[in-house]
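Architecture at a glance
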Amino acid sequence: MNGYSNGRKPDYTRTLEKGIAFVRGLRGGLTDDTGRREEGLRRLADEIRTADAIVIGAGAGLSTAAGYTYSGERFDRWFFDFAERFGIRDMYSGGFYPFPDDETRWAWWARNIYVNRYLDPPGSVYRDLLVLVGDRDYFVITTNVDHCFQRAGFDKRRLFYTQGAYGLFQSAQGVVRKTYDNEAWVMEAMQAQGFVRGEGGAFEPPRDGRLSMRLPHALIPVCPDDGGPVSMNLRADDTFVEDDGWLAAADRYAAFLQAREGRRMLFMELGVGGNTPMIIKYPFWAMTAENPKAVYACLNYDEAVCPAAIRARSICIDGDSAEALKALKADICSDGGASSPAEATPSRFS
């Protein structure tokens with residue numbers, strides 16, 4: 001016996017294939033008509049209480065709701081000098097800017113990594129979500145690369161970061177199939193640019209605003225194994241490294257789904273947009289359609305929709321996910337946070 005249900009080894013790519021096949025055969029289009037917001041919150045609270053297992057699919061919109069914005073005040077605080085010199089207006093586009101040399105490019109990336117990996121998000125979104133599922137049978141798949149789930153306290157073995165992580169370097173051409181933690185380098189590079197430690201130990205811009213936009217040449221990171229250049233472990237092309245940790249997480253996710261086939265599942269999609277719907281959104285639709293006991297929930301700002309074919313078993317909640325999660329947390333906590341279907345009590349939204 002190989003220990004796998006149905007005699008099959010878990011394979012994450014099956015979910016991608018299943019999602020694409022479902023969308024290609026989709027009839028009836030999409031709808032956002034699954035009831036009023038209050039009704040949706042009530043239904044979702046009840047599903048969280050009674051589901052045998054919960055699969056969370058998170059996209060960039062969830063981190064945006066948590067305050068991880070790439071422009072505006074947050075950008076101006078950390079990148080004002082890059083904006084003035086190079087005309088860069090947000091952190092995302094800055095990652096593609098043709099900087100004049102590696103010293104400047106890596107100074108930019110040190111700040112970008114620090115702000116989006118090692119600083120906690122301003123809002124409580126991820127902590128609120130953990131309250132909802134922390135003692136339940138759950139798994140998280142996310143296209144986010146900011147480690148917010150881990151910092152909020154989610155079990156690392158229940159997380160699958162499909163697109164990489166800000167906290168990891170890799171060989172620039174993907175020659176070495178390994179990744180490397182970059183925390184120590186980031187802290188040294190932040191200090192080298194003139195950032196100072198505040199009372200809580202986190203870096204802050206100096207009061208006089210005097211910062212260097214270039215790192216010393218000796219601080220340009222190199223691959224520990226072959227001495228060659230490194231890049232961020234972020235999926236951009238076919239050089240992306242899926243290391244042993246990535247492959248193990250993919251297998252755990254596939255095994256989680258396979259072991260719970262046919263059970264009462266809640267597929268809870270949060271902030272997933274249209275950039276990579278084939279990773280989370282399409283598979284969630286397909287797995288809901290094929291399992292009559294499954295429910296699909298979509299929380300999103302202006303993009304909360306579902307296929308008409310699964311409308312009766314879908315919950316679409318438009319608007320700010322942060323507000324929705326706070327309301328759900330208050331509801332779940334009002335009954336002591338029932339941890340199993342047998343202990344569940346009626347929703348306060350009733």
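For the structure itself, consult the block above.
Rules used throughout
Residues numbered from 1 in each chain as written. Predicted model: local features only at pLDDT ≥ 70, side-chain atom pairs only at ≥ 80, totals over all residues. Heavy atoms only, no water. Axes fitted to C-alpha atoms, helices over the stretch in contact; angles between N-to-C directions. Helix = DSSP H or I, 4+ residues; strand = E, 2+ residues; numbered from the N terminus. Parallel < 35°, antiparallel > 145°, perpendicular 65-115°, else oblique. Contact = heavy atoms within 4.5 Å. Nonpolar A, V, L, I, M, F, W, Y, C, P; charged D, E, K, R; others polar. Buried < 20%, exposed > 50% of the residue type's maximum accessible area, 1.4 Å probe, protein only. Polar contact = N/O pair within 3.5 Å; in protein donor to acceptor, adjacent residues only side chain to side chain. Pairing = 2+ DSSP bridges. Phe/Tyr/Trp six-rings, centres within 6.5 Å; stacked < 30°, edge-to-face > 60°. Lys NZ or Arg CZ within 6 Å of the ring centre and 35° of its normal.

All right, on to the packing of helix α1 (residues 13–24) against helix α11 (residues 281–290) then. The interhelical angle for the contact between α1 and α11, taken along N-to-C directions, is 80 degrees, at an axis separation of 7 Å. Judged by the inter-axis angle, α1 sits roughly perpendicular to α11. Across the interface between the two elements, T15, L16, K18, G19, F22 and V23 of α1 pack against Y282, P283, W285, A286, M287, A289 and E290 of α11. In terms of residue class, the contact of α1 with α11 is made up of nine nonpolar, two polar and two charged.

Positionally, S171 belongs in strand β5 (residues 164–171). Classification of S171 as buried rests on a relative accessible area of 4%. For the pair S171 and I48, spaced 123 residues apart in the sequence, the C-alpha separation amounts to 41 Å. Discounting chain neighbours no more than four positions away, the residues touching S171 are V176, Y180, D226, P229, V230 and S231. Engagement of the side chain of S171 in a polar contact is seen with the backbone nitrogen of V175, the distance being 3.4 Å.

A few words on the sheet that holds strand β6 (residues 179–181). The sheet built from three strands is open, its strands ordered β6-β5-β9 with antiparallel pairing. For this open sheet the edge positions go to β6 and β9 (230–234), each flanked by a neighbour on one side alone. The sheet shows a mean angle of 50 degrees between the axes of neighbouring strands, direction not considered. As judged from the three bridges shared by β5 and β6, these two strands associate in the antiparallel manner. Within the sheet, the bridge partner assigned to L168 lies in β6 and is D181. Each of β5, β6 and β9 is contacted by helix α6 (residues 102–118), which is oriented at about 140 degrees to β5, the strand it contacts most.

The next subject is the packing of aromatic side chains. Tallying each qualifying case throughout the model produces 29 aromatic pairs. A centroid spacing of 5.4 Å and a plane angle of 85 degrees characterise the contact between F86 and F99, whose relative ring orientation is edge-to-face. With F86 in helix α4 (residues 73–86) and F99 in the loop between α5 (91–94) and α6, this pair connects stretches of sequence that are 13 residues apart. Just above the ring of F256 sits the side chain of R260; from NZ or CZ to the centre is 3.7 Å.

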